[in-house]
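Understanding the architecture of this molecule
These are the residues of each chain, in order.
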Amino acid sequence: MISLRPIDAQNWYTCCHLALSEQQQSYMEPNAISLLQAMYEPTLRPRAIYEDETMVGFLMYNTEPEELDAWWIYRIMVDHAHQGKGIGREATELMLEEIGEGKSIVVGYHPENEAAHHLYESLGFVDEGHRFGREMAVIRRGE
């Protein structure tokens, strides 16, 4: 069973040691950087992804609208040893529930990250041509 849990004093260190494959490491910042960012930006919500009682990933989203008048997903990662089992999809669906229905949601990702592209497309995110730095940003429009 997949669940999202807050990052706290008991699990932050484990989160910092989760890793992407060597090929994927250029796609996003390490989790330690994201956790530090969340300390200084109080609207960010970092979450650990658990499979039963084992932390297998990390995600982070904003709780207020930003660019494109949308809520932004900052990070989604599943440790390389746990990829390919549908964990990323299930965790993303749980995060979308936390963010709430009827909101426009944006996620940025490296254009070469084919797995991310397929995941977001399957969840209704559309590429409207938005680019932010080296990332493309896809949007799922709310009502």
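The structure under discussion appears in the preceding block.
The shown structure was predicted, so the numbers you read here are calculated from the model rather than taken from an experiment.

What follows is about the side chain of Ser-3. On the secondary structure map, Ser-3 appears in strand S1 (residues 2-6). Judged by relative accessible area, Ser-3 falls into the buried class, the value being 15%. At 3.4 Å, the side chain of Ser-3 and the side chain of Arg-5 are in polar contact.

It is worth spelling out the packing of aromatic side chains at this point. Given two aromatic rings, their pairing is described by the distance between the two centres and the angle made by the two planes. In the structure shown here, the tally under the stated rule is 4 aromatic pairs. Aromatic pair Trp-12 and Tyr-13: ring centres 5.6 Å apart, planes at 85°, arrangement edge-to-face. The exposure class of Trp-12 is partly exposed, given its relative accessible area of 42%. For the ring pair Trp-72 and Phe-132, a centre distance of 5.1 Å and an interplane angle of 90° mean the geometry is edge-to-face. With Trp-72 in strand S4 (residues 71-78) and Phe-132 in strand S6 (residues 126-132), the pair connects residues that are 60 residues apart, well separated along the chain. What makes Trp-72 buried here is its relative accessible area of 10%. The ring of Tyr-50 carries Arg-5 above its face, with NZ or CZ at 4.1 Å from the centroid.

Sizing a probe to match a water molecule and rolling it over the atoms shows the empty space that remains. Its boundaries defined by the atoms lining it, the largest pocket holds a volume of some 720 Å³. In terms of lining residues, the largest pocket is bounded by 35 residues, among which Met-28, Ile-76, Asn-113, Ala-116 and Tyr-120 are the most central. For the lining of the largest pocket, the element with the highest residue contribution is S4, accounting for 7 residues. Considered class by class, the residues forming the lining of the largest pocket number 19 nonpolar, 10 polar and 6 charged.

Quick look at the sheet that holds S4 now. Ordered in space as S1-S2-S3-S4-S5-S7-S6, the 7 strands form an open sheet in which the pairing is mixed. Both outer strands of the open sheet, S1 and S6, are each paired with one neighbouring strand and no more. Direction aside, neighbouring strands of the sheet carry axes that sit 30° apart on average. Here S4 runs beside strand S5 (residues 105-109); their pairing, made up of 3 bridges, is parallel. Residue pairing in the sheet places Trp-71 in a bridge with Ile-105 of S5. Here helix H2 (residues 31-40) sits on the sheet in contact with strand S2 (44-51), strand S3 (54-62) and S4, set at roughly 45° to S3. Relative to the sheet, helix H4 (residues 114-122) contacts S4, S5 and strand S7 (135-140), its axis offset from that of S5 by approximately 165°.

Quick notes on the rules
Residues numbered from 1 in each chain as written. Predicted model: local features only at pLDDT ≥ 70, side-chain atom pairs only at ≥ 80, totals over all residues. Heavy atoms only, no water. Helix = DSSP H or I, 4+ residues; strand = E, 2+ residues; numbered from the N terminus. Buried < 20%, exposed > 50% of the residue type's maximum accessible area, 1.4 Å probe, protein only. Polar contact = N/O pair within 3.5 Å; in protein donor to acceptor, adjacent residues only side chain to side chain. Phe/Tyr/Trp six-rings, centres within 6.5 Å; stacked < 30°, edge-to-face > 60°. Lys NZ or Arg CZ within 6 Å of the ring centre and 35° of its normal. 1 Å grid on protein atoms, 1.4 Å probe; cavity = no way out; pocket = protein on both sides within 12 Å on 5 of 7 lines; lining within 4 Å. Points joined across faces, edges and corners; volume = space filled by probe spheres on them. Nonpolar A, V, L, I, M, F, W, Y, C, P; charged D, E, K, R; others polar. Pairing = 2+ DSSP bridges. Axes fitted to C-alpha atoms, helices over the stretch in contact; angles between N-to-C directions. Contact = heavy atoms within 4.5 Å.

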